[in-house]
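# Tertiary structure, described
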Amino acid sequence: MFDFIINWFRRRRLKRDASDVPTCILPLHKVGYANVVIDAQEPDFDRLKEDILAWGRANGVKISIFFIDLRKLSKGELLLTSIQTTIIRKELSWYGAPPLEKARLLMDDSADLFISMIDSSDFLVDYLCKCSHARFKVGRKAYPGHAFDMIVTNNASGNLRNELRTDSREVFAFMTDYLNKIQ
């Protein structure tokens, strides 16, 4: 019963905030601005961030990086990322939606490309993707009702989440290689 109520609130929030911008696969020369979402718990997320920024500079794409950090921070522990571009656990609503002021950063800009480097189908990731006004959306996880135009997964054979998370830089390299080939 409680899951029904949570899902009802989630559907209602998505219906209100979801983007109506049509999406399609865009060639890289039509992409001028991109939003990228990274999990701050990702191993070597700072190196992944540098790879993303370097790719943007090399291709003339302005990059905005947003972080999701759902760790339980102990007293005195600091965030590793900027608080303005990071969604943290205590900011989420009781049904898992991000604060509207941070979601608006994605919804109110004119990004051409949205990339989710998060290997998850959580409501938060789904919400951010569906509410982004980007015309081309790339993600890492296929799930029912997803809003991605292109999905790039890794070839990990195990079921361990850590094993799936260790190669985000490789997945991003493959993703950008494919994006560069789109005419």
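Just so you know, these numbers come straight off a predicted model, no measurement behind them.

## Describing the pattern of salt bridges
- Within the structure shown, the criterion is met by nine salt bridges.
- As a salt-bridge pair, R47 and D44 come within 3.6 Å of each other at their nearest N and O atoms.
- Judged by its relative accessible area of 42%, R47 falls in the partly exposed class.
- Between K102 and E91 there is a salt bridge, with its nearest N and O atoms 2.7 Å apart. Of the two residues, K102 is situated in helix α3 (residues 100-107) and E91 in the loop between β3 (86-88) and α3; the sequence distance between them amounts to eleven residues.
- With relative accessibility at 11%, the residue K102 sits in the buried group.
- Overlapping salt bridges, with partners in common, bring together R13, R16 and D17 in one network.

## A closer look at the confidence of the model for the protein
- On average, the protein scores 86 in pLDDT, and the residues at 70 or more come to 89%.
- Highest mean pLDDT in the protein belongs to strand β4 (residues 113-116) (95); lowest belongs to helix α5 (residues 161-165) (47).
- Throughout residues 160-165 the model reports pLDDT below 50, and contacts reaching past four residues in sequence, or to other chains, amount to 13 contacts.

## Brief notes about empty space enclosed by the protein
- For the structure on display, the rule yields one cavity of 30 Å³ or more.
- Of the volumes computed, that of the largest cavity is approximately 70 Å³.
- Considering the residues around the largest cavity, the lining is formed by V37, F66, F67, I68, Q84, T85, T86, I87, K102, L105, L106 and L128.
- Elements represented by at least two residues in the lining of the largest cavity include exactly β2 (62-69), β3 and α3.
- Looking at the lining of the largest cavity, its residues break down into eight nonpolar, three polar and one charged.

Rules and cut-offs
- Along each chain, the written sequence defines residue order, and numbers are assigned to residues from 1.
- Selection of residues for local features in this predicted model requires a pLDDT of at least 70, selection of side-chain atom pairs for listing and counting requires 80 or more, and totals for whole chains, interfaces and linings are taken over all residues.
- Only heavy atoms go into the side-chain values, all of them from the structure, while hydrogens and water stay out.
- By definition here, a salt bridge exists when the distance from a side-chain nitrogen of Lys or Arg to a carboxyl oxygen of Asp or Glu is within 4 Å.
- Only protein chains enter the calculation, and the probe is 1.4 Å; a residue is then buried if its accessible area is under 20% of its type maximum, exposed if over 50%, and partly exposed in between.
- Runs of H or I in DSSP of at least four residues are treated as helices and runs of E of at least two as strands, each being numbered from the N terminus.
- pLDDT is a per-residue confidence score from the predictor, ranging from 0 to 100.
- Two residues form a contact once any of their heavy atoms are found within 4.5 Å.
- A pocket here means an open set of points on a 1 Å grid, computed over the protein atoms alone, that has protein on both sides within 12 Å along at least five of seven lines. A cavity is instead a set of points where a 1.4 Å probe fits but cannot get out; residues with an atom within 4 Å of a point line either one.
- Grid points are joined across faces, edges and corners, and a volume is the space filled by probe spheres set on the points.
- Three classes are used: nonpolar for Ala, Val, Leu, Ile, Met, Phe, Trp, Tyr, Cys and Pro, charged for Asp, Glu, Lys and Arg, and polar for all others, with Gly counted as polar.

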